[in-house]
Structures are given as C-alpha cells and as structure tokens.
Amino acid sequence: MQFSEFQSTEQLNTEFADRVASLLATAIDNKGKASLVVSGGRTPLPFFKQLSQADIDWSKVTITLADERWVDKSHEASNTALVLNNLIQNKAADATFVELKTSEESAFGAEASVKQSLQQFSFPIDVLILGMGEDGHTASLFPCSEQIQQGLTSDDVVLAVQPTTAPHERMSFTLKTLLESQQIFVHLVGDSKKVVLDKALAGDKVEEMPIRAILKQDKAPVEVVWAAK
Ligand SMILES: O=C1O[C@H](COP(=O)(O)O)[C@@H](O)[C@H](O)[C@H]1O
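Residues numbered from 1 in each chain as written. Predicted model: local features only at pLDDT ≥ 70, side-chain atom pairs only at ≥ 80, totals over all residues.

Novice: Where do I start with the sheet that holds strand S3 (residues 61–65) in this structure?
Specialist: The strands that make up a sheet are held in pairs by hydrogen bonds between backbone atoms, and each pair lies either parallel or antiparallel. Here we have seven strands laid out as an open sheet, ordered S1-S10-S9-S6-S2-S3-S5, and parallel in their pairing. On the outer flanks of this sheet lie strand S1 (2–6) and strand S5 (96–97), each paired with one strand and no other. Pairing of strand S2 (residues 34–38) with S3, which is carried by five bridges, proceeds in the parallel orientation. Within S3, the position partnered with Val37 by the bridge is Thr64. Each of S1, S2, S3, strand S6 (125–130), strand S9 (181–189) and strand S10 (222–227) is contacted by helix H1 (residues 9–31), which is oriented at about 160 degrees to S6, the strand it contacts most. Its contacts with the sheet put helix H3 (residues 79–86) on S2, S3 and S5, and the angle it makes with S3 is roughly 145 degrees. (Pairing = 2+ DSSP bridges. Helix = DSSP H or I, 4+ residues; strand = E, 2+ residues; numbered from the N terminus. Contact = placed C-beta atoms within 7 Å. Axes fitted to C-alpha atoms, helices over the stretch in contact; angles between N-to-C directions.)

Right under this line is the structure:
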C-alpha cells in the first residue's frame, strides 16, 4: 500500500484528479475505452468537480458507483445524484454513467436487475476510488451488517446490504469485484479518517474493519490519498 499525504484538500483534489485522468487516458490509448468506479458520501464532492474538468475523451469512459444507498435520486442521501450533479458535468458530461439504483422497492431482490444494468459498464475496472467510514466500512461493506461475510466472500458482482449503524438499504460491489481493479485509490480527508486508517492498519480482522481487505492484500495496487483538511 502506498500512502500519499497532501498539504490541503485543494492540492489533493488537483493532483488526484490529474492522476485519475491520466490513468483513464492511458486506458483509452491502450484499449480504446476506460472505466471508473467512484464512491459516494461527503468526501468526494469537490474532487468530482475538479475531475469533471479533466481534458480527456470522456465519451470513451464508463462510470459507476461502488455502492448506492437504496433511495430515489431526489433524496439527499443519493450517491447517484451526487455523481450526476458534480462529476457528470463540464467535460465529463460526455461520459456514460451507469446507475446502480434500479426501480425495485428494496435492494434485496434487486441484485439481478443491477447486474443487468452493469452490462453497460466496461469491466475490468481501470480506476476504483473508495471512501472509508468511521467504522472502517468501504463501499457498503459494513462490519455491522448481517451480510458482511457474504460481501467479503461472494463470487457475485454486487450484493444487497442492510447496515444497522447507518440508514438505508444499500447495494454494494462485493470485495471480489472491488479487487478486480487495475488501480485502487482510497480517498480520505480529515484527521478522524487518519485515526481510523491507522487503526485499520494496526489490526487484521477484516470482518471488524472491511477496509483492511483493501489495504492488506496484494491482488491490486492501492494508494491512500489523504489531506488533513
Ligand atoms: O455511506 C457511505 O460512506 C462512505 C464514506 O462516506 P464519507 O461521507 O465519510 O466520505 C462512502 O465511501 C460510501 O460510498 C457511502 O455510501
């Protein structure tokens, strides 16, 4: 695992957006297309605005989310709305965004239709950007959920999750899907996230802090990008 510290979120957003854009441009040069998986929550908003202005051929890029809260796009917790309003804008408006949320009432039972939607997404993932919660969850692999073992071991692409310490049913990429990425970034801002990161690095029980399954593996290269504020 590589750890990159930035002096400010502004510096992080600028340099990280350049890095991601460069990886996507290289994938386009090599195979004519590129794929990007992003996360939701609060951390990525200013970064999305920065990345949306990158000067690459976005018409050759497909984008989706690593996880989604099972709410409508009009809901303030919608990760889909966050991406549409902040990343699929400016130059990146030419990208193809594959939404994870489907029309089913519950995420449980919607896995098949999500997999169907993901047929528009261009696997394997070239760039995966993950966040991390204060409980060590990543994507929606929540340590508190009944589905955590399934999320860590399933051969499926996605699974439905019901966290007990956070609201909303979720749809999440499984660990297997996440690790089939060419490059993984873990994007963190704030001292409290650094405390959680250090705790994750100091232990081994993946069920207690699922981010460990990303940080402590040798299948895909991982870089943590962090700024204190
Ligand atoms: O619920 C979620 O939380 C994590 C972390 O979000 P943040 O607000 O602390 O940045 C996020 O990575 C995930 O996509 C989201 O659904």
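Now, onward.
Novice: Just to check I follow, could you spell out H1 for this structure?
Specialist: In an α-helix, one turn spans 3.6 residues, which is why side chains three or four residues apart end up on the same side. Its 23 residues place the ends of H1 32 Å apart at the C-alpha level, agreeing with the 33 Å of an ideal helix rising 1.5 Å per residue. Where H1 is buried, its residues touch S1, S2, helix H2 (45–51), S3, S6 and S10. (Expected span 1.5 Å × (residues − 1).)

Novice: How do you make sense of unusual backbone geometry when you look at a structure like this?
Specialist: Of all residues except glycine, most have a negative phi; of all peptide bonds, most are trans. The omega torsion across Phe123 and Pro124 is 0 degrees, close enough to zero to call that bond cis. Among the secondary structure elements, Pro124 is positioned in the loop between helix H4 (111–117) and S6. Although it is not a glycine, Asn90 adopts a positive phi angle of roughly 50 degrees. Given 15 C-beta atoms within 10 Å, Asn90 falls into the partly exposed group. The phi torsion at His168 lies on the positive side, around 75 degrees, for a residue other than glycine. Among the secondary structure elements, His168 is positioned in the loop between strand S7 (158–161) and strand S8 (170–173). When the 16 C-beta atoms within 10 Å are taken as the criterion, His168 is described as partly exposed. (Buried ≥ 20, exposed ≤ 12 C-beta atoms within 10 Å, placed from the backbone.)

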